[in-house]
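# Secondary and tertiary structure notes
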Amino acid sequence: MKKVKIIIFSILIYMLIGGIFLISCEFEGNGLGLDINEDNINVSEDKPNNKEGAEPGDENQVSDIEDAEFFLELKNRQKNKNPLSDINVRKAIFYAINRERIVEELLGSYGEVLNSLFLKDSMYYFPAWKEYSYDLDKAKSFLSDAGYGIDNPLYIIIGASGDSDSRMIMEEFIKEDLKKIGINIWIFNRSPREWYLEHIKKGDYELGIWALYTNEGGRLENYFCSDKIPPRETNDNIDCYNFYWYENEEVDQYLQEFYKENDLESKKNLIRDLQEKLAGDAVILPLYNRLLSIAYNKKIKNVDIDLRDNLFFKNIEDWDIERNGDLDEEDKNMIVGFKQEPYTLNPLIFDSIYTGYISNLIIKGLWEKNEEGEYRPALVEEQLPPPMGKSGAESTLKVKIKLKDDIYWRASAPITSEDIGYTFKSIIEDADVSDTTEDYKNIKDIEIINEKEFSIVFRDYCDDWKGLFSIIFPKSIMEKDEKVSSLFKNDIIGCGPYKLKEWVSGEYILLEKNEYYFGEQPKIDNIKFLFDSDINSLIGMLGKGEIDILSIPVDLELMKNLEENKDINLLVKEGNLWEHLALCLKPKEE
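Parameters at a glance
- Residues numbered from 1 in each chain as written.
- Predicted model: local features only at pLDDT ≥ 70, side-chain atom pairs only at ≥ 80, totals over all residues.
- Heavy atoms only, no water.
- Helix = DSSP H or I, 4+ residues; strand = E, 2+ residues; numbered from the N terminus.
- Buried < 20%, exposed > 50% of the residue type's maximum accessible area, 1.4 Å probe, protein only.
- Areas by Shrake-Rupley, 256 points an atom, 1.4 Å probe, with all protein chains shown as cover.
- Arc of directions from axis to C-beta.
- Contact = heavy atoms within 4.5 Å.
- Pairing = 2+ DSSP bridges.
- Axes fitted to C-alpha atoms, helices over the stretch in contact; angles between N-to-C directions.
- pLDDT = per-residue confidence, 0-100.
- Phe/Tyr/Trp six-rings, centres within 6.5 Å; stacked < 30°, edge-to-face > 60°.
- Lys NZ or Arg CZ within 6 Å of the ring centre and 35° of its normal.
- Salt bridge = Lys/Arg side-chain N within 4 Å of Asp/Glu carboxyl O.
- Core = buried A, V, L, I, M, F, W, Y, C linked by side-chain atoms within 4.5 Å.
- Patch = residues over 30% accessible without salt bridge, like charges linked within 9 Å, V, L, I, M, F, W, Y side chains within 5 Å.
- Lys, Arg positive; Asp, Glu negative; His and termini not counted.
- Charge placed at Lys NZ, Arg CZ, Asp CG, Glu CD.
- Parallel < 35°, antiparallel > 145°, perpendicular 65-115°, else oblique.
- Left-handed = near helix turned anticlockwise from the far one by under 90°.
- Nonpolar A, V, L, I, M, F, W, Y, C, P; charged D, E, K, R; others polar.
- Polar contact = N/O pair within 3.5 Å; in protein donor to acceptor, adjacent residues only side chain to side chain.

A count of helices and strands for the protein gives 17 helices and 18 strands. When each of the 590 residues of the protein is scored for burial, the buried share is 53%. If you sum the accessible surface of the protein, you get close to 26,500 Å²; carbon and sulfur atoms cover 44% of it.

Okay, structure coming up:
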């Protein structure tokens, strides 16, 4: 009989719930990971003694519901099958959650509550969610307006990927907080793949926790535009990640104007208005930014983390090594500890965050983003005409580019227009990468004028078109392979500050200074990436001085110990990947 009940419960739970497209698997515990772990709901064998005849309003019978079947029975008796459609319920939830407590437990003094879609130092930061400070009185008032309370509780299910300890802690805290105002929560977690495909993507969830990445506003349309609700995805309307099923004409208008606008102040105002509207509608509740933390030997100077891409080799040309208090001129070598060895250094092929760490030191594009998210020339001398607009008399679908003089590949061969044109052609013709770089199809052609000049001809305007040229390869190399995605599994050619010297599979990758680099020559001569899948082993090597720098997990006890080590510096920054509570507004059948 018990097995039958469990089967019935499983069917019911699939009908009732579900929750995100996550920003790949670069960060452990994103929610959509590569490792599939079964995390079944625990159905208690013991039901409350007085379950028979229980009504949703019987407080003494639902004060501590530990049985899933009983919970669902009470939930199914609710007359309103769409309680989250009531903004009063949504606001009650937001005011009832003690976000400060969550941050303190998970991040300690290193983090803080997030009240925006962006970091504090972002040009688009606006604390629109500041109004949702922890306030049980307000929460109870809003819930009462919706017709619920301690004496007439509401039943809601929350879910997340079952591989994340931090999310499970958040769920328990949220459950405790909401119970105080009259909302009873059942926690439903699944493996990352199942959670995404069967619940988030289909809108079969009520409350969900996952992470978003909104660096400089590039993905906002995909998350919040009405046209991006998953069922509306077509070949022409891709990246439909509005898993909230949120529809608002004002938000759609803000987003349309944002992507058309070139004036920075106007863009800031639009994003401010957008955030105010989202906060006012109580669709998502930002919780906190994921932390980026690195520990390194104090002899390494000028270390920083680049928040644009969450990598810690920011301004590598300025890094230096101090010996006995002096910055001498001897060969300077640095060892970096890494858990995961990449299987390729080709940045067009997703492997892991570790691919990016290494290939970013070797590869340079035509433009680079600064801290404000604006593109600045790297290999480009000038661009004519001025930046395009999406509409109006001044708009154009063709732009002329001139490359700098004295820019070379590592073997002293000059970088030419042919290299840029052939890179574009190779990406477009390779289905293994073109399917994941849809914006390339907005470019119609690259017209070669001469060795240093070419024109980009657009089929359709693409707001982030300069980002499509962040990767270029030599034509002479690409001509030897059928597909660009098959390049650089064991070697890579670039024009960055470093070049690949040696790769011993399973042990290390060694980079050396690129003497043909067009920028300022780095001070560190060699960078060795040492691989060890055991993070504890790497931490031990850092403490012994056998490695110089290491990205570490956010573990408060570990971080405290590292801060107390006189030979080690700890650098912690909030990243662009942030956790949030999502509410699904997809209508349920009454």
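That was the structure; now back to the text.
Time to look at helix 5 (residues 99-107). Taken residue by residue, helix 5 has Arg-99, Ile-102, Val-103, Leu-106 and Leu-107 as its buried positions. Projected down its long axis, helix 5 carries its buried residues within an arc of 95°, all on one side. Turned more than 90 degrees away from the buried face of helix 5, the exposed residues are Glu-100 and Glu-104. If you follow the buried residues of helix 5, they end up packed against helix 7 (165-179), strand 4 (284-297) and helix 17 (556-563). Once helix 5 ends, the next one or two residues include Gly-108, with phi positive near 60°.

Ordered in space as 10-11-13-12, the 4 strands form an open sheet in which the pairing is antiparallel. Both edges of this open sheet fall to strand 10 (380-384) and strand 12 (443-448), since each of them pairs with a single strand only. Across the sheet, the mean angle from the axis of one strand to that of its neighbour is 20°, orientation sign disregarded. One ladder, built from 5 bridges, connects strand 11 (residues 398-403) with strand 13 (residues 453-458); its direction is antiparallel.

With that settled, consider the confidence of the model for the protein. Residue-level pLDDT values for the protein average 83, and 82% of them are 70 or greater. Residue range residues 1-64 is modelled with pLDDT below 50. Its contacts to residues more than four positions away, or to other chains, number 145 contacts. Counted against residues more than four places away or in other chains, residues 389-394, with its pLDDT under 50, gives 5 contacts.

Counting across every chain of the model gives 23 aromatic pairs. Residues Tyr-223 and Phe-224 carry aromatic rings whose centres are separated by 6.1 Å and whose planes lie at 75° to one another, so their mutual orientation is edge-to-face. Both residues of the pair, Tyr-223 and Phe-224, belong to the buried class. On the numbers, 5.4 Å between centres and 75° between planes, the contact of Trp-367 with Trp-465 is edge-to-face. You can see Trp-367 sitting in strand 8 (residues 367-369) and its partner Trp-465 sitting in the loop between strand 13 and helix 15 (475-478), a full 98 residues away along the chain. Ring-pair connections join several aromatic residues into one group, and the members of that group are Trp-195, Tyr-205, Trp-210, Tyr-223, Phe-224 and Tyr-244. Positioned above the aromatic ring of Phe-258 is the side chain of Lys-267, whose terminal nitrogen or guanidinium carbon lies 3.9 Å from the ring centre. Sitting above the plane of the Tyr-508 ring, Lys-528 keeps its charged end 4.4 Å from the centroid.

A few words now on the sheet that holds strand 1 (residues 154-161). The sheet built from 10 strands is open, its strands ordered 2-1-3-18-4-17-7-16-15-14 with mixed pairing. Looking at the sheet topology across the chains shown, the edges are occupied by strand 2 (183-190) and strand 14 (498-504). Strand after strand, the sheet turns through a mean of 25° between neighbouring axes, direction not considered. Two strands pair when backbone bridges link them, and strand 7 (residues 333-338) and strand 17 (residues 549-551) are joined in this way by 2 bridges, in the parallel orientation.

Summed over all chains, the structure comprises 31 salt bridges. Notably, a salt bridge pairs Glu-247 with Arg-232, separated by 3.2 Å at the nearest N-O pair. With a gap of 15 residues between them, Glu-247 in the loop between helix 9 (220-224) and helix 10 (249-260) and Arg-232 in the loop between helix 9 and helix 10 connect regions that are remote in the sequence. The exposure class assigned to Glu-247 is partly exposed, which follows from its relative accessible area of 49%. With a relative accessible area of 35%, Arg-232 lands in the partly exposed category. In this structure, Glu-418 and Lys-475 form a salt bridge, with 3.4 Å as the shortest nitrogen-oxygen distance. Within this pair, whereas Glu-418 is found in helix 13 (residues 417-429), its partner Lys-475 is found in helix 15, the two being separated by 57 residues in sequence.

The next subject is the nonpolar core. In terms of nonpolar packing, the biggest core is built from 86 residues, with Ile-93, Leu-178, Leu-207, Phe-224, Tyr-244 and Leu-581 touching the most fellow members. Excluding residues within four positions of it along the chain, Leu-207 makes contact with Leu-84, Ile-93, Ile-156, Ile-157, Ile-158, Gly-159, Leu-178, Ile-185, Trp-195, Leu-581, Ala-582 and Leu-583.

Taken together, the side chains of Glu-381, Glu-382, Asp-405 and Asp-406 present a region of like negative charge at the surface. Here Glu-381 is to be found in strand 10. The class of Glu-381 is partly exposed, set by a relative accessible area of 48%.

Attention now moves to the environment of Glu-507. As for its position among the elements, Glu-507 is in the loop between strand 14 and strand 15 (508-513). The sequence separation of Glu-507 and Leu-530 amounts to 23 residues, and the corresponding C-alpha distance is 6.2 Å.

Of the two faces of strand 11, only the one carrying Val-399, Ile-401 and Leu-403 is buried; Lys-398, Lys-400 and Lys-402 on the other face are not. Pairing geometry for strand 10 and strand 11, over 4 bridges, is antiparallel. Bridging from a neighbouring strand, Val-380 pairs with Leu-403 of strand 11.

Now for the side chain of Thr-423. Along the chain, the position of Thr-423 falls in helix 13. Filtering out sequence-adjacent residues up to four positions away, Thr-423 remains in contact with Ile-471, Ile-472, Phe-473 and Met-478.

Glancing now at the packing of helix 4 (residues 87-96) against helix 6 (residues 136-145). Where helix 4 meets helix 6, the closest approach of the two axes is 8 Å, and the angle between their N-to-C directions is 165°. Relative to helix 6, helix 4 is oriented roughly antiparallel. Judged by the sense of rotation from one axis to the other, the crossing of helix 4 with helix 6 is left-handed. Between helix 4, through Asn-88, Val-89, Lys-91, Ala-92, Tyr-95 and Ala-96, and helix 6, the contact on the second element is made entirely by Leu-136, Lys-138, Ala-139, Phe-142, Leu-143 and Asp-145. Residue composition of the contact of helix 4 with helix 6, by class: 8 nonpolar, 1 polar and 3 charged.

So, about the pairing of strand 14. Relative to strand 15, strand 14 is paired through 6 bridges, and the arrangement is antiparallel. By the bridge assignment for strand 15, Val-504 is matched with Tyr-508. Where strand 14 hands over to strand 15, the hairpin turn is made up of 3 residues, of which Gly-506 adopts a positive phi near 85°.

Note on placement: Glu-171 falls in helix 7. No salt bridge is formed by the buried Glu-171. Its closest oppositely charged neighbour is Arg-167, at 8.2 Å. Within polar-contact distance, the side chain of Glu-171 engages the backbone nitrogen of Ala-160 at 3.4 Å. The contacts of Glu-171, once residues within four sequence positions are left out, are Ile-158, Gly-159, Ala-160, Ile-187, Phe-188, Asn-189 and Ile-209.

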